[in-house]
Amino acid sequence: MRKDLRKDLRKLVRKAIRVNSRDIENLDKEVFLKCKTIAKHIKRNKISLEEAIKLPAVIIGGLLWNKRKIGITRFLKPPIAPKLEKALNKVGVIGKKVGENTVGKCAEVDCANYLLLNCRSNYEVSDIKFSTPYRPRTSEIIETCENCKKTFI
Ligand SMILES: [Zn+2]
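Note that the coordinates shown come from a computational prediction; the quantities given were computed from them, not determined experimentally. (Residues numbered from 1 in each chain as written. Predicted model: local features only at pLDDT ≥ 70, side-chain atom pairs only at ≥ 80, totals over all residues.)

**Q** Please provide a residue-by-residue account of the overall build of the chain, values included.
**A** Each helix and strand counted, the chain has six helices and seven strands in total. Along the chain, helices and strands appear, N-terminal first, in the series α-α-α-β-β-α-β-β-α-β-β-β-α. Whereas a compact globule of 153 residues would reach a radius of gyration of roughly 15 Å, the chain reaches 16 Å, a difference of no more than 12%. Dimensions of the chain, computed from the C-alpha atoms along their principal axes, are close to 45 × 35 × 25 Å. Counting all 153 residues of the chain, 35% fall into the buried class. In the chain, the proportion of contacts linking residues at least 24 apart, taken out of those at least 6 apart, comes to 73%. (Helix = DSSP H or I, 4+ residues; strand = E, 2+ residues; numbered from the N terminus. Rg over C-alpha atoms; globule rule 2.2 N^0.38 Å. Buried ≥ 20, exposed ≤ 12 C-beta atoms within 10 Å, placed from the backbone. Contact = placed C-beta atoms within 7 Å.)

Here's what the structure looks like:
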């Protein structure tokens, strides 16, 4: 891939993880539109799947108290919010595969960890409001995985 295209793509991803919306409906729209811009950029410039697949697999927006965060698919790194750790431990061992996904590697978890660490400690994992999860390279909706369903109830 051409250097400038790769640079543009990275810039679009950085833009996608900086959002302004303060309510879940607008946050959802914002995340979707940013994914759509990324997907269009990939299509228009015929960026190969090999390159596109390097982007975060899923991104999701989350709100808690007065904080907002865009989470991306990646391995969970310490510090881990105690309430999130407890919820994940019920699903399986963090970093090990359960079903389709690795426990703690979802965009939801990335998002939740930031929010729980940066909000007052009386919040529960179930207090977090999530947007729809989207795949940036295609802008398609990704179904919440079984692990996340169990973690965030
Ligand atoms: Zn998940």
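Picking up where we left off.
**Q** Break down the pairing of strand β1 (residues 59-64) for me, with residues and values.
**A** Regular strands place their side chains on alternate faces of the sheet. Across the six residues of β1, six count as buried, placing the element largely inside the fold. Of the two faces of β1, the one holding Ile59, Gly61 and Leu63 and the one holding Ile60, Gly62 and Leu64 are both buried throughout. If you look at the hairpin formed by β1 and strand β2 (residues 67-72), you'll find two residues sitting between the two strands, and Trp65 has a positive phi there, around 55°. Relative to strand β5 (residues 129-130), β1 runs antiparallel, the two sharing two bridges. The residue of β5 that forms the bridge with Leu63 is Lys129. (Pairing = 2+ DSSP bridges.)

**Q** Tell me about the packing of helix α1 (residues 3-16) against helix α2 (residues 24-44), and please be specific about residues and values.
**A** Two elements in contact, α1 and α2, have axes whose closest approach is 9 Å; the angle formed by their N-to-C orientations is 170°. One finds that α1 runs roughly antiparallel with respect to α2. Listed contacts from α2 to Asp8, Leu9, Leu12, Val13, Lys15 and Ala16 of α1 are Lys34, Cys35, Thr37, Ile38 and His41. Counted by class, the contact of α1 with α2 contains six nonpolar, two polar and three charged residues. (Axes fitted to C-alpha atoms, helices over the stretch in contact; angles between N-to-C directions. Parallel < 35°, antiparallel > 145°, perpendicular 65-115°, else oblique. Nonpolar A, V, L, I, M, F, W, Y, C, P; charged D, E, K, R; others polar.)

**Q** I'd love a proper account of the nonpolar core, names of residues and values included.
**A** Within the largest apolar cluster, 36 residues are counted, with the highest numbers of intra-cluster contacts made by Val31, Cys35, Ile59, Leu84, Ala112 and Ile128. Elements with a contribution of two residues or more to this core: α1, α2, β1, α4 (82-91) and α5 (107-118). Residues within four places of Ile128 in sequence aside, it is in contact with Gly62, Leu64, Ala112, Leu115 and Phe152. (Core = buried A, V, L, I, M, F, W, Y, C linked by C-beta atoms within 7 Å.)

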